[in-house]
Amino acid sequence: PVADLQQGGQPAAKISVFFDAVEDAPRTEEVASAEAAHIGGVGDFGDPQAAIVISQQPGYEEYIKAVGSAARDTFGESFFVYRLMTPEALEEWQAGGDVGPVATSLSADTARSFSKFAGFEGRTDLRLIRVPVSPDNIVMAGSPNESELVIDANAVSFNTLEDLTAAPAADLQQGGQP
């Protein structure tokens, strides 16, 4: 129900269930190392290259299968993630540029909170984007504290990006599934 939703995004209980399941995903030392190096990517505090490197590590296929299954079991075949972006980055994505993996959040509020960090401070032109994704778009799980998922932005059609920057909070509560 709408009342159970965090303001804009997946219900907090579902996010917790998902990350509990992801915690049990099989990880080789190499996968765990890449995942740890990336943590903080929504705020650009981690190593963004880790999201590229992880897919080349031994054991990645088993790991991403478990992460995808956890997402599918928790959120379904299609759900929303959120990203705070500069207008320039959004334009690049909409123009079909090779964007690659991007950190997103299952929570619009968490994504919005990054306006205070990572070189965004003082900017008034940031865009809050809602992106419909499938479990197959996930590259890796990120920080549970940020409700973070790294997705392959090149696998998401720019036509499906929705700019929520001016949307009132009540509009964001419509939720987690497209």
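Since the model is a prediction, treat every value here as computed from it, not as a measurement.

Q: Which residues make up the pattern of salt bridges, and what values do they have?
A: Should their charged atoms come close, side chains of opposite charge can pair. Overall, the coordinates contain eight salt bridges when judged by the stated rule. A salt bridge links Arg72 to Glu77, with the nearest nitrogen and oxygen atoms 2.6 Å apart. Its relative accessible area of 28% is what places Arg72 among the partly exposed residues. Using a relative accessible area of 48% as the deciding quantity, one classes Glu77 as partly exposed.

Q: A description of the packing of helix 1 (residues 12-23) against helix 4 (residues 60-75) should follow, citing residues and the corresponding values.
A: Relative to each other, helix 1 and helix 4 sit at 155°, their axes nearing to 9 Å. With respect to their mutual orientation, helix 1 and helix 4 come out roughly antiparallel. When you trace helix 1 past helix 4, the crossing you get is right-handed. Across from Lys14, Ile15, Val17, Phe18, Ala21 and Val22 in helix 1, the residues of helix 4 making contact are Val67, Ala70, Ala71, Thr74 and Phe75. Split into classes, the residues belonging to the contact of helix 1 with helix 4 amount to nine nonpolar, one polar and one charged.

Q: Which residues make up the nonpolar core, and what values do they have?
A: One finds Phe18, Tyr63, Phe79, Trp93, Leu106 and Val131 to be the most contacted residues of the largest nonpolar core, which totals 36 residues. Looking at this core element by element, the count peaks at seven residues for helix 4. Once residues lying within four places of it in the same chain are set aside, the contact partners of Leu106 are Gly9, Gln10, Ile15, Phe18, Phe19, Phe75, Phe79, Phe80, Val81, Tyr82, Ser147 and Leu149. Phe80, Leu84, Ala111 and Leu126 belong to the second-largest nonpolar core, a separate cluster that totals ten residues.

Q: I'd love a proper account of the confidence of the model for the protein chain, names of residues and values included.
A: Looking at the protein chain, the pLDDT average stands at 84 and 84% of residues meet or exceed 70. Scored below 50 in pLDDT, residues 168-174 makes 16 contacts in the model with residues more than four places away or belonging to other chains.

Q: Residue-level account of helix 4, with values.
A: Taking 1.5 Å of rise per residue, the 16 residues of helix 4 would be expected to cover 22 Å, and the 22 Å separating its terminal C-alpha atoms lies within 8% of that figure. Taken as a whole, helix 4 has its buried residues at Tyr60, Tyr63, Ile64, Val67, Gly68, Ala70, Ala71, Thr74 and Phe75. All buried residues of helix 4 fall inside an arc of 155° around its axis, so they share one side. What points out from helix 4, more than 90 degrees from its buried face, is the exposed set Glu61, Lys65 and Asp73. Tucked into the core, helix 4 has its buried residues touching helix 1, helix 2 (29-38), strand 1 (79-85) and strand 4 (138-141).

Reading the values: rules and limits
- Residues numbered from 1 in each chain as written.
- Predicted model: local features only at pLDDT ≥ 70, side-chain atom pairs only at ≥ 80, totals over all residues.
- Heavy atoms only, no water.
- Salt bridge = Lys/Arg side-chain N within 4 Å of Asp/Glu carboxyl O.
- Buried < 20%, exposed > 50% of the residue type's maximum accessible area, 1.4 Å probe, protein only.
- Axes fitted to C-alpha atoms, helices over the stretch in contact; angles between N-to-C directions.
- Helix = DSSP H or I, 4+ residues; strand = E, 2+ residues; numbered from the N terminus.
- Parallel < 35°, antiparallel > 145°, perpendicular 65-115°, else oblique.
- Left-handed = near helix turned anticlockwise from the far one by under 90°.
- Contact = heavy atoms within 4.5 Å.
- Nonpolar A, V, L, I, M, F, W, Y, C, P; charged D, E, K, R; others polar.
- Core = buried A, V, L, I, M, F, W, Y, C linked by side-chain atoms within 4.5 Å.
- pLDDT = per-residue confidence, 0-100.
- Expected span 1.5 Å × (residues − 1).
- Arc of directions from axis to C-beta.

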